[in-house]
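Remarks on the overall topology
Here's the letter readout for the chains.
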Amino acid sequence: MSTTSDMPVREQTRKESGTFGHERTSRLVLMGAVVVGAVSMAPLYWAFISSLRPGQDILKYLSPLSIWTFIPNRLTFSNLVNVLDGPFGRSMFNSVVVALVTIVLGLVICSMAAFALAKLRLPGKSVIFSIVVVSFLIPFDAIAVPLLTLFRQVGLQNTYLGIILPGVGNGFAVFMLRQFFLGIPAELAEAARIDGLGWFGVFARIYIPLSGPALISAGLILFVFQWQAFLWPLLIAPDPSYKVAAVATADFAGQFSTDFGSLFAATVIVSIVPLIVLLVFQRYFTASMATSGTKE
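Presented here is a report on the structure given in the accompanying data block. Given the structure is predicted, the values throughout are model-derived calculations rather than measurements. Residue numbers restart at each chain and count upward from 1, following the sequence in its written direction. With pLDDT at 70 or above as the cut-off, local features in this predicted model cover only qualifying residues; side-chain atom pairs require 80 or more to be listed or tallied, and sums for whole chains, interfaces and linings still use all residues. To get the side-chain values, take all heavy atoms of the structure and skip hydrogens and water.

This next bit is on the packing of helix α4 (residues 88-119) against helix α5 (residues 125-135). At a minimum axis separation of 10 Å, α4 and α5 run at an interaxial angle of 140°. One finds that α4 runs oblique with respect to α5. In this structure, α4 meets α5 at a crossing whose hand is left-handed. Only K125, I128, F129 and V132 of α5 make contact with α4, whose side of the interface consists of A116, L117 and A118. All axes here are fitted lines through C-alpha atoms, helices being fitted over the stretch that makes contact, and every angle between N-to-C directions spans 0 to 180 degrees. Numbering of helices and strands runs from the N terminus, with a helix taken as a DSSP run of H or I at least four residues long and a strand as a DSSP run of E at least two residues long. Note that the term roughly parallel is reserved for angles under 35 degrees, roughly antiparallel for angles over 145, roughly perpendicular for angles of 65 to 115, and oblique for everything else. When the near helix sits turned anticlockwise from the far one by under a right angle, the crossing is termed left-handed; a clockwise turn instead gives a right-handed crossing. Here, two residues are considered to be in contact whenever any of their heavy atoms come within 4.5 Å of each other.

Below you can see the structure in the form of structure tokens.
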């Protein structure tokens, strides 16, 4: 029969068991995250080391596997030099211009749309919001060909504007900003309205200054969407002067031969830019995701 003096001992044992179980779960989650991260980074690592190999060594050590499969025994920077000296440099410039303009215009349009859907009393607002949600669930490739016909009719083929416009109105960015705006106390807008501030003033002077993390997250969404786009820039801008980096990378794979060294070098350059951007702004994206579901 247990006594009262045994109760603190049992309680301490349960606490120690719970702590040990929590630590073990945390270690398992950490190990799983490391494995997933390693698997995700493996293709980029392979492309990186292949870009530093001479052309004849890239496929040489794939079978049988050896230490030289994962660590290059001969290094060369000729692939990177060839890529940067050629027309690929122009394509990188095009991608940067397209991405920056998309971010600026997209943030203006998406933030205004999100504010209207979050705070204004509009007829049919729920229907409009449903259409916005559905818009980012539909694959863009499904509407690319009809959209191409429309853009050709209005003379937007082989123009920067033709490449940029489809990426400006991003449904997911609107959805995320709306959720963030809903978390801002409505009393702030009501007080500003009483003081005589119009809705645009409330939006520009109160909501925008409070929405830094959400705007950065929306900008990242717009950037990634535009940077990784391949089909649309390929269709709307076949002129070499308007090629973006994602399309120019495919040019290293010809019909009868493939320059694997240059192909991997271009792939690394194209991949490293969003990787750096996402690493720099990761904490803002996390902060926005953590607060976008709150309510006032």
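Here the narrative resumes.
To continue, consider the packing of aromatic side chains. Ring pairs shown here join Phe, Tyr and Trp side chains whose ring centres sit within 6.5 Å, with only the six-membered ring taken for Trp; geometry is labelled stacked below 30 degrees between planes, edge-to-face above 60, and tilted in between. Counted according to the given criterion, the structure contains 16 aromatic pairs. Measuring from ring centre to ring centre gives 6.1 Å for F200 and F203, while their planes differ by 50°; the resulting arrangement is tilted. Placement of both F200 and F203 in helix α10 (residues 199-207) is noted, with a separation of three residues, approximately one turn of the helix. The buried label goes to any residue with under 20% of its type's maximum accessible area, the exposed label to any with over 50%, and the partly exposed label to all in between, with areas taken from a 1.4 Å probe on protein chains only. On the accessibility criterion, F200 (56% relative accessible area) is exposed. Chaining the aromatic ring pairs together yields one cluster made of F115, F181, W199, F200, F203 and Y207. Positioned above the aromatic ring of F129, the side-chain terminus of R178 is 3.9 Å from the ring centre. Charge-over-ring contacts are defined here by two conditions on Lys NZ or Arg CZ: a distance within 6 Å of the ring centre and an angle within 35 degrees of the ring normal.

This part is about the environment of L117. You can see L117 is positioned in helix α4. Along the sequence, L117 and I128 sit 11 residues apart, while their C-alpha atoms lie 8.1 Å from each other. Those residues in contact with L117 that sit more than four places away from it in its chain are K125, I128, F129, V132, V174 and R178.

So, on to unusual backbone geometry. Here N158, not a glycine, exhibits a phi torsion of approximately 55°, which is positive. Residue position: N158 is located in the loop between α6 (141-153) and α7 (160-168). When its relative accessible area of 23% is taken as the criterion, N158 is described as partly exposed.

Moving on to the nonpolar core. In these notes, a set of buried Ala, Val, Leu, Ile, Met, Phe, Trp, Tyr and Cys residues joined through side-chain atoms within 4.5 Å is what counts as a nonpolar core. Core analysis: the biggest nonpolar cluster contains 44 residues, and F88, L177, F181 and Y207 have the highest contact counts within it. Mapped by element, the contributors of at least two residues to this core are α4, α5, α8 (171-182), α9 (186-194), α10, α11 (212-227), α13 (245-250) and α14 (260-280). Considering each element in turn, this core owes the most residues, 11 residues, to α4. Leaving out residues up to four positions away in the same chain, L177 has contacts with C110, S111, A114, A214, L215 and A218. Core analysis: the second largest hydrophobic core is formed by 13 residues, L148, F151, I163 and V168 among them.

A word on the packing of α5 against α8. At a closest axis distance of 7 Å, the pairing of α5 and α8 adopts a crossing angle of 130°. Here α5 is positioned oblique relative to α8, judged by the angle of their axes. The element α5 and its partner α8 pack so that their crossing is left-handed. Across the interface between the two elements, F129, V132, V133 and S135 from α5 touch G171, V174, F175, R178 and Q179 from α8. Any residue outside Ala, Val, Leu, Ile, Met, Phe, Trp, Tyr, Cys, Pro, Asp, Glu, Lys and Arg is labelled polar, Gly included; the first ten of those are nonpolar and the last four are charged. Of the residues belonging to the contact of α5 with α8, the class tally is five nonpolar, three polar and one charged.

Here the focus is the side chain of S111. In this fold, S111 is placed in helix α4. Within the structure, the side chain of S111 is placed 3.1 Å from the backbone oxygen of V108, a separation counted as a polar contact. Beyond its immediate stretch of four places on either side in the chain, S111 contacts G106, L177, F181, F203, I208 and L215. N or O atoms within 3.5 Å of each other form a polar contact, as long as, within protein, one can give a hydrogen and the other can take it, and as long as residues adjacent in sequence are counted only when both atoms are side-chain atoms.

For an α-helix, 3.6 residues make a turn, and residues three or four places apart therefore share a direction. The set of residues buried in α10 consists of G201, V202, F203, I206 and Y207. Buried residues along α10 sit in contact with α4, α8 and α9.

Right, let's get into a nonpolar patch on the surface. There is a patch of nonpolar side chains on the surface, built from Y45, F48, L65, I67, W68, F70 and I71 and spanning about 720 Å² of accessible area. Secondary structure elements with two or more residues in the nonpolar patch: α1 (6-51) and α2 (67-70). The biggest single contributor to the nonpolar patch is α2, with three residues. Of the residues examined, W68 reaches a relative accessible area of 37% and is grouped as partly exposed. Residues form patches when they are more than 30% accessible in relative terms and have no salt bridge. Like charges link within 9 Å. Nonpolar side chains (Val, Leu, Ile, Met, Phe, Trp, Tyr) link within 5 Å. Residue-level accessible areas treat just the shown protein chains as cover; the underlying method is Shrake-Rupley with a 1.4 Å probe. In the sections that follow, a salt bridge refers to a side-chain nitrogen of Lys or Arg positioned within 4 Å of a carboxyl oxygen of Asp or Glu.

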